[in-house]
Amino acid sequence: MEFATLFFLSSGLFLGWSLGANDAANVFGTAVGARMIRFSTAAMICSIFVIIGAVMSGAGTTHTLGRLGAIDTLAGAFMAALAAATSVYLMTKAGLPVSTTQAIVGAIVGWNLFSVTETDHATLSTILGTWLICPLIAAVFAVLLYRLVVLFLSHAQLHMLRRDAYTRLALVLAGAFGAYSLGANNIANVMGVFVPASPFEDIVLIGGAGLTSAQQLFLIGGLAIAAGVLTYSERVMMTVGGGLLPLSPIAAWVAVMAHSIVLFLFASRGLQHLLLSYDLPTIPLVPVSSSQAVVGAVLGIGLMQGGRTIRWPVVGSVVLGWVVTPVVAGIVCYVGLFFLQNVFGQEVYL
Amino acid sequence: MAVSKQLSLFRRTRALEGEIDEFMDNLSQSALAFKRAVQIYLADGCSPEFQEKLSQVNELESQTDDLRRGIERQLYAQTLIPESRGDVLGLLENLDSILNLFEGALWGFSIETPEIPEDMHGDYESLVDQATHAVECIVLASRAFFRNIEAVGDHMHKVMFFEKEADKVSTKLKRRIFESKLDLAQKLHLSHFVETIDNVADRAEDVADRLAIYTIKRQF
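Residues numbered from 1 in each chain as written. Chains lettered and ligands numbered in written order. Predicted model: local features only at pLDDT ≥ 70, side-chain atom pairs only at ≥ 80, totals over all residues.

Considerations on the overall build of chain B
Let me state the cut-off plainly: By the criteria applied, helices consist of DSSP H or I runs no shorter than four residues and strands consist of E runs no shorter than two, each listed in order from the N terminus. In this scheme the burial state of a residue depends on its C-beta neighbours within 10 Å: 20 or more other such atoms mean buried, 12 or fewer mean exposed, and anything in between means partly exposed; the C-beta positions come from the backbone. A pair of residues counts as a contact when their C-beta atoms, built from backbone coordinates, are separated by no more than 7 Å.
Scanning chain B for helices and strands turns up six helices and zero strands. Seen in sequence order, chain B has helices and strands lined up from the N terminus as α-α-α-α-α-α. Viewed in the frame of its principal axes, chain B has a C-alpha envelope of about 75 × 35 × 20 Å. Across the 220 residues that make up chain B, the buried fraction comes to 37%. Residue pairs in contact within chain B that sit at least 24 positions apart in sequence constitute 79% of those at least 6 positions apart.

What follows is the structure, given as structure tokens:
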């Protein structure tokens, strides 16, 4: 691979690293913070399943981002990913909750504006609508799951210690599912912009199995996310516990499951095909924010418990993040593309 | 690796459940042995049968101390029930202190050999009855705390009931003691034993108050 190609991919890898560092906490944060699972166990499971999810099921959401704006040069993709990563960094520094999903969509729209490509309004409104619906669906799933769990536990009458052991096992399994869904849904944020200009050739192995060029990008992106999980997510996990609402381990399991189901629903091509085969309305395959799905789930649990313990200012800053993140990413991308084209002489669109 | 870790966690959990059950059994048995020991003392004084009951309570107390230390060590060393282990530790230590009260009271009978007038035997027995009933109920409530948290309340109100009954009997008995023609030294001596036994019921109520908070914290 040429050095220039590797250089252009580096912004996506950086974005993947920051996604791993931040979003692994949504999957394993409460369990590690509450010392139910060791960080080393959580990081290993998270890394493996993020990569599996990214390679196996990352294509659906990537296709949707491609419809929003098919960035056709590596330099343009580099700047879109860099703008998203920079916005994530700036917003994190400013203490605002941030989503890589919203950052990359803002950056793609910024590229569309710069390259005078018309933004597909239908796709954009589907994506924006999904962002609003995603926390609501997560909240509904959380409430339903919570009620089911409470019903089960009050009938099962497990000893406190055995319940603790089962909860740990459940947190590990939910974490694995969550990491898979995160990889499947969010790999588009990290590598989606590079797919139309992918520098890789399809690899076909003996027996017909192999990796498409997009899957090779997803594998590299998955590895970058895993690197973020392994190197930096521990401190995020240790501070995530008291963010919105203090959670019991069982409530944490419910939140992780609700989050993972939502991410899975918005990423699964298998489910889409199944729904299509029964002539049922399909769920759009859209990258959604992992953090906001968790916020929705936790809010659902909090509201069900009367809403007294919810820290509303945190909710307010999440909503603010929805608006600010894409705008900041769009502006950074536009300005960055201008410099890349006019100062560094790079072709940022065809 | 994660699966084998889980399996060993389930094995350790089962063993620890057994130890907590044994802890509760010991406390319950101590209450029965204490009741029987006081009955024997009232009937025959500091007889060999009484000494045997005293040794039984001593042995149970030291076994229970070992169990408690072992349970607490495992809870912390293996980071089990991290969100509740502080409460469990507090509960076990408070329950253990009831056993210490039983042991202390019986040593008191053995060393000080109070002379209890026969017409007061019934009141002393009734006081011991109420106090040990309160302990039986706090043991049931504590077992429920571990196994069926919704049932904790079913036993807690009985602890309060028996503690109040014990208070009534102890007040009545103290009044009788001080209204009697006994000399002051004996009156104070007998009153001290009433307080010692009544303390058992009071401690059971204290544990029940704490358990009520632990239960609220663990409810969904």
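Remarks on the overall build of chain A
Rule in force here: Atoms considered for the radius of gyration are the C-alpha atoms alone. The globule rule reads 2.2 Å times the number of residues to the power 0.38.
Check the secondary structure of chain A and you find 12 helices and two strands. When the helices and strands of chain A are read in sequence order from the N terminus, they spell out α-α-α-α-α-α-α-β-β-α-α-α-α-α. Here the C-alpha radius of gyration of chain A, 20 Å, is about what a compact globule of 350 residues would show, namely 20 Å. For chain A, restricting intrachain contacts to residue pairs at least 6 apart in sequence, the fraction spanning at least 24 positions comes to 87%.

Description of the environment of A:Ser99
Residues and elements named next belong to chain A. Structurally, serine 99 is set in the loop between helix 4 (74–93) and helix 5 (100–114). Assessed through the 30 C-beta atoms surrounding it within 10 Å, serine 99 is described here as buried. When the C-alpha positions of serine 99 and leucine 271 are compared, they lie 25 Å apart, and in sequence the two are 172 residues distant. If sequence neighbours within four positions are ignored, serine 99 has contacts with Ser289, Ser291, Gln292, Gly321 and Thr325.

Points about the interface of chain B and chain A
This is how it is decided: Each residue is assigned to one of three groups, with Ala, Val, Leu, Ile, Met, Phe, Trp, Tyr, Cys and Pro labelled nonpolar, Asp, Glu, Lys and Arg labelled charged, and all others, Gly among them, labelled polar.
Listed per partner, the contact involves 18 residues of chain B and 18 residues of chain A. Among the elements of the structure, helix 1 (2–44) and helix 4 (121–147) of chain B are those that each provide at least two residues to the side of chain B that touches chain A. A total of seven residues in the side of chain B that touches chain A trace back to one element, the largest contributor, which is helix 1 of chain B. When grouped by side-chain class, the residues that make up the side of chain B that touches chain A number nine nonpolar, five polar and four charged.

With respect to the packing of helix 1 (residues 3–33) of chain A against helix 7 (residues 160–191) of chain A
Residues and elements named next belong to chain A. Test applied: To get an axis, fit a line to the C-alpha atoms, keeping to the stretch in contact for a helix; angles then go from 0 to 180 degrees between the N-to-C directions. Oblique is the label for any angle not under 35 degrees, not over 145, and not in the 65 to 115 range, which are roughly parallel, roughly antiparallel and roughly perpendicular in turn. By convention the crossing between two helices is left-handed if the near helix lies anticlockwise of the far one by an angle smaller than a right angle, and right-handed if it lies clockwise.
The N-to-C vectors of helix 1 and helix 7 enclose an angle of 155°; their axes lie 10 Å apart at closest approach. One finds that helix 1 runs roughly antiparallel with respect to helix 7. Our pair here, helix 1 against helix 7, has a crossing hand that is right-handed. Between helix 1 and helix 7, the contacting residues are Gly12, Leu15, Gly16, Leu19, Asp23, Val27, Phe28 and Ala31 on the first element and Leu171, Gly175, Gly178, Ala179, Leu182, Asn186, Asn189, Val190 and Met191 on the second.

Here's the deal with helix 1 of chain A
Residue and element names in this part refer to chain A. Keep this limit in mind: Bend is computed residue by residue as the angle between axes fitted to the seven residues ending at the residue and the seven residues starting at it.
The principal kink in helix 1, of about 65°, is found at valine 27. Among the 31 residues in helix 1, 25 count as buried, and that is most of the element. In the stretch just after helix 1, arginine 35 is the one whose phi turns positive, near 60°.

Examining unusual backbone geometry
Residue and element names in this part refer to chain B. Its identity as a non-glycine residue notwithstanding, isoleucine 81 has a phi of 30°, on the positive side. By the element assignment, isoleucine 81 lies in the loop between helix 2 (48–77) and helix 3 (85–112). Despite not being glycine, threonine 113 shows a phi value in the positive range, around 35°. With respect to the secondary-structure elements, threonine 113 resides in the loop between helix 3 and helix 4. Its 12 C-beta neighbours within 10 Å are what place threonine 113 among the exposed residues.

Quick look at the confidence of the model for chain B
Selection rule: The predictor attaches a confidence to each residue, and that confidence, scored 0 to 100, is pLDDT.
Confidence in the prediction of chain B, expressed as mean pLDDT, is 93, and 96% of residues score 70 or more. With a pTM of 0.84, the predicted complex shows an ipTM of 0.82.

Considerations on the nonpolar core
Heads up, the condition is: We define a nonpolar core as a collection of buried residues of the types Ala, Val, Leu, Ile, Met, Phe, Trp, Tyr and Cys that are connected via C-beta atoms lying within 7 Å of each other.
Core analysis: the biggest nonpolar cluster contains 123 residues, and A:Ala80, A:Val254, A:Ala255 and A:Ala297 have the highest contact counts within it. Leave out the neighbours within four places in its chain, and A:Ala255 touches A:Ala142, A:Leu247, A:Val294, A:Ala297, A:Val298 and A:Ile301. Core analysis: the next-biggest nonpolar cluster, separate from the first, contains 66 residues, B:Phe23, B:Val88, B:Ile138 and B:Phe162 among them.

Digging into helix 7 of chain A
The cut-off we apply is this: What a helix should span is 1.5 Å times the count of its residues minus one.
Along its 32 residues, helix 7 of chain A runs 44 Å from first to last C-alpha, staying within 8% of the 46 Å computed at 1.5 Å per residue. The sharpest bend along helix 7 of chain A measures roughly 40° and falls at A:Asn185.

Topic: the environment of B:Lys217
With respect to the secondary-structure elements, B:Lys217 resides in helix 6 (residues 184–218). With 134 residues separating them in the primary sequence, B:Lys217 and B:Glu83 have C-alpha atoms 9.5 Å apart.

Here's the deal with the environment of A:Leu303
Among the secondary structure elements, A:Leu303 is positioned in helix 11 (residues 290–304). On the neighbour-count criterion, A:Leu303 (14 C-beta atoms within 10 Å) is partly exposed.

Let's talk about the packing of helix 4 of chain A against helix 12 (residues 312–342) of chain A
All names here are of chain A. One way to put it is that helix 4 packs onto helix 12 with a least axis distance of 8 Å and a crossing angle of 135°. Compared by their axis directions, helix 4 and helix 12 come out oblique. Once helix 4 is placed against helix 12, the crossing between them reads as right-handed. Within the contact between the two elements, helix 4 uses Ala75, Gly76, Met79, Ala80, Leu82, Ala83, Ala84, Thr86, Ser87, Leu90 and Met91 and helix 12 uses Gly321, Thr325, Val328, Ala329, Val332, Cys333, Gly336, Leu337 and Leu340. Looking at side-chain class alone, the contact of helix 4 with helix 12 contains 14 nonpolar, six polar and no charged residues.

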